[in-house]
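# Topology and contacts: notes
The residues making up each chain are set out below.
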Amino acid sequence: MARGPKLGVGLVQKVSSTRTFARIAPHVIPALDKAVHRLSRGKTLLSTRMLPGVVLTATGARSGQKRTTPLACMPEPERGTWLLIGSNFGRPGHPAWTANLLAHPDAEISWKGETIPVRAERLTGEERAAAWKAALAFWPPYASYQARVEREIRLFRLTRR
């Protein structure tokens, strides 16, 4: 019985590494996450069954309007921060939320029912390399996402303001 959860995670990782998943998931997962987040009064996301997640509220880079996006995240409890990985499910083009954070790094996240003001920092150089290594250990499908795209996947560290 001890193998059950590991097999489940392994299967989800395998499926999430496929191009088919990359085509379908962006249209389904965020909508389900938003609905579950609303119904649970901000306490949970559907996708957190596999990966921790936050709901990011950032200012639109061009519109200036508030944009809300459910995202997988990698908590860094030793730092009290969160990593966001702009993988876009291994599809071409950076996800819109990354442009929003580049233009307006002050944002908010909903984390386990708590609204937290944060500041986003795009990671580069050695800091990015270390964070990318940790992200790959945390969720190995990120490697297949990166292999499918020519762009470098953007990483952001969120720190409480």
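Heads up: these notes are all about the structure in this document. (Residues numbered from 1 in each chain as written. Predicted model: local features only at pLDDT ≥ 70, side-chain atom pairs only at ≥ 80, totals over all residues. Heavy atoms only, no water.)

Along the chain, the position of E121 falls in strand β6 (residues 114-122). Put simply, E121 and T159 are 38 residues apart on the chain and 8.1 Å apart in space, counted from C-alpha to C-alpha. Leaving out residues up to four positions away in the same chain, E121 has contacts with E127, L155, F156 and R157. (Helix = DSSP H or I, 4+ residues; strand = E, 2+ residues; numbered from the N terminus. Contact = heavy atoms within 4.5 Å.)

Turning our eyes to something else, we now look at the side chain of R128. One can find R128 in helix α4 (residues 125-138). Overall, the relative accessible area of 8% leaves R128 in the buried class. (Buried < 20%, exposed > 50% of the residue type's maximum accessible area, 1.4 Å probe, protein only.)

Our focus in this paragraph is unusual backbone geometry. Not every positive phi belongs to a glycine, and F89 is a case in point at roughly 60°. Following the sequence through the fold, F89 ends up in the loop between β4 (81-86) and α3 (96-103).

Attention now goes to the layout of surface pockets. Looking at the second largest pocket, its volume works out to about 170 Å³. Broken down by element, the lining of the second largest pocket gets its largest block of residues, 4 residues, from α3. Taken together, the residues that form the lining of the second largest pocket break down as 4 nonpolar, 4 polar and 2 charged. (1 Å grid on protein atoms, 1.4 Å probe; cavity = no way out; pocket = protein on both sides within 12 Å on 5 of 7 lines; lining within 4 Å. Points joined across faces, edges and corners; volume = space filled by probe spheres on them. Nonpolar A, V, L, I, M, F, W, Y, C, P; charged D, E, K, R; others polar.)

A side chain of one charge can pair with a side chain of the opposite charge if their charged atoms are brought near each other. Applying the stated criterion to the full structure yields 6 salt bridges. Put simply, E114 and R160 hold a salt bridge, and the shortest N to O gap is 3.6 Å. One end of the pair, E114, is in strand β6; the other, R160, is in strand β7 (residues 154-160), with 46 residues separating them in the sequence. Accessibility expressed as a relative area gives 44% for R160, which makes it partly exposed. Each of E76, E127 and R157 takes part in a single network of salt bridges with overlapping partners. (Salt bridge = Lys/Arg side-chain N within 4 Å of Asp/Glu carboxyl O.)

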